[in-house]
Amino acid sequence: MDSQGLNAQLVLAENLMKDANLEQAALTLSEAVRQDPRSEKAHQLFRLVLFRQGNWPGLYSEFNRYTDAHPSNQVAWEKACLNLQFGFMPLGWEQYESRWHTPGIEHRSKDHVLPQPQWEGELFAGKTLLLRWEQGFGDVIMFVRYAPMVKARGGRVLLEVLEPLVDLMATCPGIDEVIKDGDPIPPFDLQLPLLSLPRIFQTDLNSIPADIPYLSVPERVPHREGIDRILDATKGYTRVGLAWVGRPRSEHFPVRSISPALLKPLEALPGTAWHSFQLEQGGEQPFPRIIPMGPVVRGSFSDTAHALNGMDLVITVDTALAHLAGALGIPTFLLAHTFADWRWLMGRDDSPWYPTMRIYRQPEPGDWASVIERVVADLCSCG
């Protein structure tokens, strides 16, 4: 197949995927792979379709077929995520180190490589260890839970994070000092990226550190007064925080976002004060009587933590908000894609990472209406 013909097939497959026509997309990509077995993009799209179909035998067969001819860090990364999703954690954590060699994975660049040795879990009494942020805000919130375990093995523990997280991370036990990314770092002896900690501690399903809350509301909340005014106005109601759209710049945006119109059935629940944690201004609201928190929660996780702490329940798609609510120990309903991110495992309605979380998964890809129906039914049954 010439390059023009292959590109046409790949564009067709991508459009079929957007329309959730996975069966036809799989047939199109299977033919593209057969005709041009050297095309990395065709193989990658084919694996993505097989994953979204839940076709695990086909996916593993494609892994093996591709890597036999094309050893690839991309495939190692995908295998890591799949093993973690199925709960094969020790193997998955080892494979997860391939993220540093996989183009396009959201992590820190090679410009941030440090000369200090990487910590491998040994005792480090009398020394200083720097834990370093990587990936997104939710990742940092999720994996800072290991800080007390790190502290138990040694001396001083530093944590470097992006500015919006600084005050919030300072509430985590085991952290001696939080440094804003870009500021001078005090002298240290060892260093480790946060998402390598599960490998260091050989985490499996039975040893996930899940003592919550492990974060709390910081002493400094920039917009405390505005948040408190809203919370005071909704006393006597069941306060529920709601977020329905993921981060627009994320590659996962289409499968982590719900049309506001589908949330309309929630409005009928009596005695409920709805609070929107969609912090971007503008855009369609699911119903008129939802209180926007955006004007008083302005990019600081300290503000968000304080506002969440006033909620009785949080209902959210897969965003950093879900991780923050879980880390604070707030009851949380996670609205998830059929085959959600590996963090939420496979086929479970609970999370061993966050004991106060309940997961509502699509029964079929794209079926958010059924998810909202179950949420409404469960909330009605609770009175």
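Residues numbered from 1 in each chain as written. Predicted model: local features only at pLDDT ≥ 70, side-chain atom pairs only at ≥ 80, totals over all residues. Heavy atoms only, no water.

Colleague: Any chance you could explain the overall build of the protein chain here in plain terms?
Modeller: Looking only at helices and strands, the protein chain has 14 helices and 10 strands in total. Relative to its length of 383 residues, the protein chain is compact, with a C-alpha radius of gyration of 22 Å against a globular reference of 21 Å. Expressed as lengths along the three principal axes of its C-alpha atoms, the size of the protein chain is roughly 65 × 60 × 35 Å. Within the protein chain, residue pairs in contact and separated by at least 24 positions form 66% of the contacts whose partners lie at least 6 positions apart. Of the roughly 17300 Å² of accessible surface on the protein chain, a fraction of 53% belongs to carbon and sulfur atoms. Across the protein chain, the mean location of the 35 positive side-chain charges is 1 Å away from that of the 46 negative side-chain charges. (Helix = DSSP H or I, 4+ residues; strand = E, 2+ residues; numbered from the N terminus. Rg over C-alpha atoms; globule rule 2.2 N^0.38 Å. Contact = heavy atoms within 4.5 Å. Areas by Shrake-Rupley, 256 points an atom, 1.4 Å probe, with all protein chains shown as cover. Lys, Arg positive; Asp, Glu negative; His and termini not counted. Charge placed at Lys NZ, Arg CZ, Asp CG, Glu CD.)

Colleague: Please clarify how the pattern of salt bridges should be interpreted in this entry.
Modeller: Note that side chains of opposite charge can pair when their charged atoms are close. This model, assessed by the stated rule, comprises 17 salt bridges. A salt bridge links Glu 97 to Arg 99, with the shortest nitrogen-to-oxygen separation between them at 3.2 Å. You'll find Glu 97 and Arg 99 in the same group, each marked buried. The shortest N-O distance in the salt bridge between Asp 378 and Arg 358 comes to 3.3 Å. Here Asp 378 is found in helix H14 (residues 368-381), whereas its partner Arg 358 is found in strand S10 (residues 357-361), with 20 residues between them in sequence. Via salt bridges that share partners, Glu 97, Arg 99, Glu 120, Glu 134 and Arg 199 belong to a single interconnected network. (Salt bridge = Lys/Arg side-chain N within 4 Å of Asp/Glu carboxyl O. Buried < 20%, exposed > 50% of the residue type's maximum accessible area, 1.4 Å probe, protein only.)

Colleague: For this particular structure, what's the right way to read the sheet that holds strand S5 (residues 238-243)?
Modeller: Pairing between the strands of a sheet comes from backbone hydrogen bonds, and it takes one of two forms, parallel or antiparallel. The six strands lie next to each other as S7-S6-S5-S8-S9-S10, forming an open sheet whose pairing is parallel. Strand pairing shows two members of the sheet lacking a second neighbour, strand S7 (290-292) and S10, which therefore form its edges. Sheet twist, expressed as the mean angle between neighbouring strand axes with direction ignored, is 25°. Relative to S7, strand S6 (residues 272-276) is paired through three bridges, and the arrangement is parallel. The partner of Trp 274 across the bridge, within S7, is Ile 290. Sheet contacts for helix H13 (residues 320-327): S5, strand S8 (313-317), strand S9 (332-336) and S10; angle to S8, the most-contacted strand, approximately 150°. (Pairing = 2+ DSSP bridges. Axes fitted to C-alpha atoms, helices over the stretch in contact; angles between N-to-C directions.)

Colleague: What is the right way to read the nonpolar core from this model?
Modeller: Across soluble globular proteins, nonpolar side chains show a tendency to be buried alongside one another. Ranked by internal contacts, the top residues of the largest apolar core, which has 73 residues, are Trp 119, Ile 141, Met 169 and Leu 215. If you tally residues by element for this core, the top one is H13, at six residues. If we ignore the near neighbours within four places in the chain, the residues touching Trp 119 are Phe 124, Leu 129, Val 150, Arg 153, Leu 190, Gln 191, Leu 192, Leu 197, Ile 200 and Phe 201. (Core = buried A, V, L, I, M, F, W, Y, C linked by side-chain atoms within 4.5 Å.)

Colleague: What am I meant to see in the side chain of His 323 here?
Modeller: With respect to the secondary-structure elements, His 323 resides in helix H13. Accessibility expressed as a relative area gives 4% for His 323, which makes it buried. Only 2.8 Å separates the side chain of His 323 from the side chain of Tyr 354, close enough to count as a polar contact. Apart from residues lying up to four places away in sequence, His 323 is in contact with Gly 138, Ile 141, Met 142, Asp 318, Arg 343, Trp 344 and Tyr 354. (Polar contact = N/O pair within 3.5 Å; in protein donor to acceptor, adjacent residues only side chain to side chain.)

Colleague: Help me understand the packing of aromatic side chains in this model?
Modeller: The geometry of an aromatic ring pair is captured by two quantities: the separation of the ring centres and the angle between the planes. Applying the stated rule across the entire model yields 21 aromatic pairs. Considering the side-chain rings of Tyr 96 and Trp 342, the 5.5 Å spacing of their centres and the 70° angle between planes classify their relative orientation as edge-to-face. Of this pair, Tyr 96 sits in helix H6 (residues 89-96) while Trp 342 sits in the loop between S9 and S10; the two residues are 246 residues apart in sequence, bridging distant segments of the chain. Tyr 96 gets classed as buried once you look at its relative accessible area, which sits at 0%. A residue is classified by how much of its surface remains accessible, and Trp 342, at 5% relative accessible area, is buried. Aromatic rings pair up to connect Trp 77, Trp 93, Tyr 96, Trp 119, Phe 124, Phe 143, Tyr 146, Phe 201, Trp 342 and Trp 353 into one cluster. If you follow Arg 145 out to its NZ or CZ, it ends over the ring of Tyr 354, 4.8 Å from the centre. (Phe/Tyr/Trp six-rings, centres within 6.5 Å; stacked < 30°, edge-to-face > 60°. Lys NZ or Arg CZ within 6 Å of the ring centre and 35° of its normal.)

Colleague: Help me understand the pairing of S9, please; the structure alone is not making it clear to me.
Modeller: For a regular strand, the rule is simple: side chains alternate between the two faces of the sheet. Where burial is concerned, most of S9 is hidden: five out of the five residues are buried. Side chains of S9 alternate between two faces, with Thr 332, Leu 334 and Ala 336 and Phe 333 and Leu 335 buried alike. Of the crossover connections in this fold, the one passing from S8 over H13 to the parallel S9 is right-handed. Taken together, the five bridges between S9 and S10 define a ladder with parallel strand orientation. Counted as the bridge partner of Thr 332 is Met 357 from S10. (Right-handed = clockwise from strand over helix to strand, strands pointing away.)

Colleague: Looking at this model, I keep getting lost on the packing of helix H1 (residues 3-18) against helix H2 (residues 22-35). Mind explaining?
Modeller: If you want to describe how two helices pack, look at the angle between their axes and the distance between the axes. Two elements in contact, H1 and H2, have axes whose closest approach is 8 Å; the angle formed by their N-to-C orientations is 160°. In terms of orientation, H1 lies roughly antiparallel with respect to H2. Relative to H2, H1 is oriented so that their crossing is left-handed. Packed against H1, whose contacting residues are Leu 6, Gln 9, Leu 10, Leu 12, Ala 13, Leu 16 and Met 17, the element H2 presents Leu 22, Gln 24, Ala 25, Thr 28, Leu 29, Glu 31 and Ala 32 at the interface. (Parallel < 35°, antiparallel > 145°, perpendicular 65-115°, else oblique. Left-handed = near helix turned anticlockwise from the far one by under 90°.)

Colleague: Quick question: what am I supposed to make of the packing of helix H3 (residues 40-53) against helix H5 (residues 73-85) here?
Modeller: Relative to each other, H3 and H5 sit at 10°, their axes nearing to 12 Å. Relative to H5, the element H3 is oriented roughly parallel. Contact with H3, carried on its side by Gln 44, Arg 47 and Phe 51, involves Gln 74, Val 75, Glu 78, Leu 82 and Gln 85 of H5 and no other residues of that element. When its residues are assigned to classes, the contact of H3 with H5 shows three nonpolar, three polar and two charged. (Nonpolar A, V, L, I, M, F, W, Y, C, P; charged D, E, K, R; others polar.)

Colleague: Even after reading the chapter, I still don't get the sheet that holds strand S2 (residues 154-161), so can you show me in this structure?
Modeller: The parallel open sheet is built from four strands, whose spatial order is S3-S2-S1-S4. Only two strands of the sheet have a single partner each, and these edge strands are strand S3 (177-180) and strand S4 (190-193). Averaged over all adjacent pairs, the angle separating strand axes in this sheet is 25°, with direction ignored. Relative to S2, strand S1 (residues 124-132) is paired through six bridges, and the arrangement is parallel. Within S2, the residue paired with Thr 128 across the bridge is Arg 156.

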